[in-house]
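# Chains, contacts and geometry: an overview
So the chains spell out like this:
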Amino acid sequence: MINVPRKFPEFGLVRLGEIVAPNGVLAISRSSFLAGVKAGRFPQPVKLGPRTTAWDAAEIRAFIAALQDRDTAMCSPSSIHALRENHRSEMK
C-alpha cells in the first residue's frame, strides 16, 4: 500500500525528486517513472522552462489513490474468486 506523507502538498507543483525514490512518494526509479510518463501510464508533466519540469501535486495524489483502489480491488474476495474461475476455465 502506498501512503502519501503529510509533507507532500495537496495542490501546487512538485518536482521529480518529490515523486520518485529514494525520497519521493512512489517507490519507483526515475527512469521507470519517466518511461511511464512517456507511455501515458503516469501523469503528464508541466514544462516551466527549457530545463524545468514539474507535476501537479493533485494529479499525483489522484494517481496514487487510483493505484490504491486498484490494489484493493485486486485483493478483494470477489476478485480473487473471479481470477480463480478464469484460470480454471483456461485450463480446460
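Here we summarise the structure given alongside this text. Just so we're clear, the structure is a prediction, and the values are computed from it rather than from any experiment. (Residues numbered from 1 in each chain as written. Predicted model: local features only at pLDDT ≥ 70, side-chain atom pairs only at ≥ 80, totals over all residues. Heavy atoms only, no water.)

## Describing the packing of aromatic side chains
Inspection of every chain in the model, using the stated rule, returns 3 aromatic pairs. Between Phe-33 and Trp-55, the ring centres sit 5.5 Å apart and the planes meet at 65°, which makes this aromatic pair edge-to-face. A residue pair is termed long-range when its members are at least 10 positions apart, and Phe-33 in helix H1 (residues 30-39) and Trp-55 in strand E3 (residues 52-56) qualify at 22 residues. Neither residue differs from the other here; Phe-33 and Trp-55 are each classed as buried. Measuring from centroid to centroid gives 5.1 Å for Phe-42 and Phe-63, while their planes differ by 75°, and the two rings are edge-to-face. One end of the pair, Phe-42, is in the loop between H1 and strand E2 (46-49); the other, Phe-63, is in helix H2 (residues 57-74), with 21 residues separating them in the sequence. In this structure, Phe-42 and Phe-63 share a single accessibility class: buried. (Phe/Tyr/Trp six-rings, centres within 6.5 Å; stacked < 30°, edge-to-face > 60°. Helix = DSSP H or I, 4+ residues; strand = E, 2+ residues; numbered from the N terminus. Buried < 20%, exposed > 50% of the residue type's maximum accessible area, 1.4 Å probe, protein only.)

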